[in-house]
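Residue-level structure breakdown
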Amino acid sequence: FAQLLEQDPEIAGILVSELDRQRAGIQLIASENQTSPAVMTAMGSTLSNKYAEGYPGRRYYGGCAEVDKAEILAVDRAKALFGADHANVQPHSGASANMAVYGAFAKPGDTVLAMSLDHGGHLTHGFKVSFSGKWFNAVHYGVDKQTEDIDYDQVEALAKEHRPKILLAGGSAIPRLIDFERMRAIADEVGAIFWVDAAHFIGLVAGQAIPSPVPHADVVSFTTHKVLRGPRGGAIVCKEEHAAKIDRAVFPMMQGGPLMNNVAAKAVNFAECATPAYQDYAKAVIANAQALAGGLGERGIRPITGGTDTHLSLHDLQGVGVTGIDAETRCDAAGIVLNKNAIPFDPEKPNVASGIRVGSPSVTTQGMGTEQMDQIADLIHRAVTTTDGDPEHEGARAIRAEVTELLASFPAYPAP
Ligand code: PLP
């Protein structure tokens, strides 16, 4: 760091101020976490210098002996962690992993049946501004109005009507467990590939805290930087029969040279996830998410579906008469980082939204427990209902002081 500081003080300064920002607020973005110094060391290493198009033992470049070892470790650890036949650890991101899955199983114009974005899906699940919505015929299912959980009868009806090439399960704002058996049965009924995008919850699977999609799905894609707590990136696990197709779709169809520094960092992370400490972490993430959802619910900020089985909850702010964007701004000014989120059947536009999404991965990494979640629920409720988004507002200042006091006992990246 001293070298960077001397050479490029502007960027060095940003590194420091971003660390300060991560330390100064309560981080509740459900898709974020605080990866370990070991993972970061692998990411910031000389493996970044190496070109390694291809796969271990079958590269298009010389000098790959060392990076081959890293990739083999990452693949073997991923297979062991998830009980998978095959793993590809090269996708640069979750979106890249998803692009490769489309590339493996669908041609432009083919039909894919996936969860709609406004009910909790993801951009890459056929949303019209994404490549997936432009190149494929996306048909979307949603949640049931009463239960607010996935409407499996609708999934089945749409599958029979549209006979999709791919049935896709997963999303970015789904608080409940997905019924993989039911989805598999529907896919089988219409001869579709069953794909699970487990980006959000794969860390809970790795920690053996929730059921795994791997035995049920043809293919499972995921990001490595959410609950999983690894480097920013993506990965795919699949059944043996699809292994060659998936590998060809990642490289050379969708990507060039893999980021071998991140591949090594994925290996470090997969080993971390195979420990009892990580399994305890995954269980604590869920307990904390449930406590936070419950605490907000008790204060009139209703959890969609009544709660959560995972690391995140989605909340309807209509009961307190505040929009998602205002809640996000007010929390931000009070030192609490979360995001506005559309809720199912939202009367507001997506950039306003009637909800917020909160997640427990980061605060759990910092060592907080359910008691702190109740305190955080109180802080959020006060920020949302009694402040105005101005950081100088008296109420915002008072909440920030409490945030600082709380974080003093649970620091992010504590000094060794
Ligand atoms: N799939 C899901 C369900 C996600 O939630 C995300 C990211 O939030 C992605 C894919 C895309 O991942 P990335 O941002 O790494 O491209």
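Refer to the preceding data block for the structure.
So, a few notes on the structure that sits alongside this text. (Residues numbered from 1 in each chain as written. Predicted model: local features only at pLDDT ≥ 70, side-chain atom pairs only at ≥ 80, totals over all residues.)

1. As for the site of the ligand
Heads up, the rule is: Nearness is defined per residue: the C-beta atom, placed using the backbone, must lie within 6 Å of the molecule or strand. Here a helix means four or more residues in a row that DSSP labels H or I, a strand means two or more in a row labelled E, and each is numbered from the N terminus. For this scheme, ten residues count as nonpolar: Ala, Val, Leu, Ile, Met, Phe, Trp, Tyr, Cys and Pro. Four count as charged, namely Asp, Glu, Lys and Arg, and the remainder, Gly too, count as polar.
Taken together, 15 residues form the shell around the ligand, and within it S93, G94, A95, S172 and A199 come nearest. The element contributing the most residues to the shell around the ligand is helix α5 (residues 94-105), with 3 residues. Of the residues assigned to the shell around the ligand, the class counts are 2 nonpolar, 12 polar and 1 charged.

2. Considering the sheet that holds strand β5 (residues 111-115)
Stated formally: DSSP bridges decide pairing: two strands pair if at least two such bridges lie between them. The angle between two axes is taken between their N-to-C directions and runs from 0 to 180 degrees, where each axis is a line fitted to C-alpha atoms and a helix contributes only its stretch in contact. Whether two residues are in contact depends on their C-beta atoms, placed from the backbone: they are in contact if these lie within 7 Å.
With respect to topology, 7 strands assemble into an open sheet ordered β4-β10-β9-β8-β7-β5-β6, the strand pairing being mixed. A strand with exactly one partner marks an edge of an open sheet, and here the two such strands are β4 (86-88) and β6 (137-141). Strand-to-strand twist across the sheet, computed as the mean angle between neighbouring axes with direction ignored, equals 20 degrees. Sheet analysis places strand β8 (residues 193-197) next to strand β9 (residues 219-223), joined by 3 bridges and oriented parallel. For D197, the partnering residue across the bridge sits in β9 and is S221. Its contacts with the sheet put helix α8 (residues 180-190) on β7 (166-169) and β8, and the angle it makes with β8 is roughly 150 degrees.

3. Concerning the environment of W135
If you trace the backbone, W135 turns up in helix α6 (residues 131-135). Here the alpha-carbon distance between W135 and Y102, two residues 33 residues apart in the chain, equals 9.8 Å.

4. Some points on unusual backbone geometry
For clarity, the threshold we go by: Labels follow a simple rule on C-beta atoms placed from the backbone: if 20 or more others lie within 10 Å of a residue's own, it is buried; if 12 or fewer, it is exposed; otherwise it is partly exposed.
The amide bond that connects F251 to the next residue, P252, takes the cis arrangement and shows omega of 10 degrees. Its place among the elements puts P252 in helix α10 (residues 243-254). Backbone geometry at R163 places phi at a positive 45 degrees, although glycine is not the residue there. Mapped onto the elements, R163 comes out in the loop between α7 (152-162) and β7. The exposure class assigned to R163 is partly exposed, which follows from the 13 C-beta atoms found within 10 Å. We note that A353 has phi near 65 degrees; this positive angle belongs to a residue other than glycine. Structurally, A353 can be placed in the loop between β14 (339-341) and β15 (355-359). With 24 C-beta atoms counted inside 10 Å, the residue A353 sits in the buried group.

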